[in-house]
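# Reading the structure
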Amino acid sequence: MADPEPAPPAAGKRPLWIVVVLLPVAAGVLWGAARLPWQHTVRDRPGTGATTTVAVPGEELVPALVPLAVLAVAAIAGALALSGLWRRLLGAVVGLLGLVPVWSGLAEGSEFAGKALAVLGGVLMVAAGVLLVLTGHRAPRMGGRYRSPAAAKESARGEKDLWEALSEGQDPTLRQPPN
């Protein structure tokens, strides 16, 4: 009977990399939604008494779009640097704030393209947030396992000294570290 194949070593990292891809895409999409027209309106020309039809960009109707794009970019650093409960909390915040452009895209304006981009950006943020909440605690933290070669060598030497002390019948936990 064959043993089941072990999971690939990168399996725990995969959701984190998906989040790292989703968040900048969401930021770009939200920024684009803020720049596109969401509706057209008639405005007075100052001093002339004439009126003109102007395109109203998404950032005028939903001022939160650009700050949410900035938050999505900042959340990348947070997702990489945090671990455990803090990463899950970040995921909850990102996911909940991702609902803002979804709601706004469905409620505001009359032009399809800008609204659709806002909804897409919000859905991407919600997806990233859900991934962080569900699997973020399993993914490694950035730099969490790195040790410099000198530190690794010193640690190995320290272990060797401990084993030698045990072999000589001494308790290595009672020894004073060298100054």
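Residues numbered from 1 in each chain as written. Predicted model: local features only at pLDDT ≥ 70, side-chain atom pairs only at ≥ 80, totals over all residues. Heavy atoms only, no water.

This part covers the pairing of strand E1 (residues 37–44). As judged from the seven bridges shared by E1 and strand E2 (residues 51–57), these two strands associate in the antiparallel manner. Across the sheet, Gln 39 pairs through a bridge with Val 56, a residue of E2. Adjacent in sequence and paired antiparallel, E1 and E2 are bridged by six residues, among which Gly 47 carries a positive phi angle near 80°. (Pairing = 2+ DSSP bridges. Helix = DSSP H or I, 4+ residues; strand = E, 2+ residues; numbered from the N terminus.)

What follows concerns the pattern of salt bridges. Under the definition given, this model contains two salt bridges. Here Glu 59 ties to Arg 35 by a salt bridge, and the two come within 2.5 Å at their closest N and O atoms. Of the two residues, Glu 59 is situated in helix H2 (residues 58–61) and Arg 35 in helix H1 (residues 14–35); the sequence distance between them amounts to 24 residues. A relative accessible area of 39% means that Arg 35 is categorised as partly exposed. (Salt bridge = Lys/Arg side-chain N within 4 Å of Asp/Glu carboxyl O. Buried < 20%, exposed > 50% of the residue type's maximum accessible area, 1.4 Å probe, protein only.)

Packing of H1 against helix H3 (residues 65–81) brings their axes to within 8 Å, and their N-to-C directions diverge by 165°. Our classification of the angle between H1 and H3 gives roughly antiparallel. Classified by chirality, the crossing of H3 by H1 is left-handed. Packed against H1, whose contacting residues are Leu 16, Val 19, Val 20, Leu 23, Pro 24, Ala 27, Leu 30, Trp 31, Ala 33, Ala 34 and Arg 35, the element H3 presents Leu 65, Val 66, Leu 68, Ala 69, Ala 72, Val 73, Ala 75, Ile 76, Ala 79 and Leu 80 at the interface. (Axes fitted to C-alpha atoms, helices over the stretch in contact; angles between N-to-C directions. Parallel < 35°, antiparallel > 145°, perpendicular 65-115°, else oblique. Left-handed = near helix turned anticlockwise from the far one by under 90°. Contact = heavy atoms within 4.5 Å.)

Our next topic: the confidence of the model for the chain. Overall, the predicted model of the chain reaches an average pLDDT of 84, with 80% of residues at or above 70. Predicted confidence is poor over residues 5–9, with pLDDT under 50, and the contacts of this stretch with residues over four places away or in other chains come to zero contacts. (pLDDT = per-residue confidence, 0-100.)

Let us now look at the environment of Leu 16. By the secondary structure assignment, Leu 16 is in helix H1. Remark: the alpha-carbon pair of Leu 16 and Arg 138, spanning 122 residues in sequence, is separated by 9.2 Å. Here Leu 16 is in contact with Ala 79, Leu 80, Arg 87, Leu 132, Ala 139 and Pro 140, once residues within four sequence places are set aside.

Following the sequence through the fold, Arg 87 ends up in helix H4 (residues 84–107). Of the polar contacts made by the side chain of Arg 87, one reaches the backbone oxygen of Gly 136; its length is 2.8 Å. (Polar contact = N/O pair within 3.5 Å; in protein donor to acceptor, adjacent residues only side chain to side chain.)

Another aspect to go through is the nonpolar core. Residues Leu 23, Leu 65 and Met 125 are the most contacted members of the largest nonpolar core, which totals 27 residues. Counting residues per element, the ones that place at least two in this core are H1, H3, H4 and helix H5 (112–135). For this core, the element with the most residues is H1, which contributes ten residues. Beyond its immediate stretch of four places on either side in the chain, Met 125 contacts Ala 26, Leu 30, Leu 68, Leu 71, Ala 72, Val 94, Gly 95, Leu 97 and Gly 98. (Core = buried A, V, L, I, M, F, W, Y, C linked by side-chain atoms within 4.5 Å.)

Once that is clear, we can look at a nonpolar patch on the surface. A cluster of nonpolar side chains, namely Leu 82, Leu 85, Trp 86 and Leu 89, defines an oily patch on the protein surface of about 430 Å² accessible area. For Leu 82, a relative accessible area of 30% gives the class partly exposed. (Patch = residues over 30% accessible without salt bridge, like charges linked within 9 Å, V, L, I, M, F, W, Y side chains within 5 Å. Areas by Shrake-Rupley, 256 points an atom, 1.4 Å probe, with all protein chains shown as cover.)

Between H3 and H5, the least distance of the axes is 12 Å, while the angle of their chain directions is 25°. Taken together, the axes of H3 and H5 are roughly parallel relative to one another. Here H3 runs over H5; the crossing is left-handed. Between H3 and H5, the residues in contact are Leu 65, Leu 68, Leu 71, Ala 72 and Ala 79 and Ala 118, Met 125 and Leu 132, respectively. Here the residues of the contact of H3 with H5 are counted per class, giving eight nonpolar, no polar and no charged. (Nonpolar A, V, L, I, M, F, W, Y, C, P; charged D, E, K, R; others polar.)

Relative to the helices and strands, Gly 28 resides in helix H1. Taking the C-alpha atoms as reference points, Gly 28 and Val 70, 42 residues apart in sequence, are found 9.4 Å from one another.

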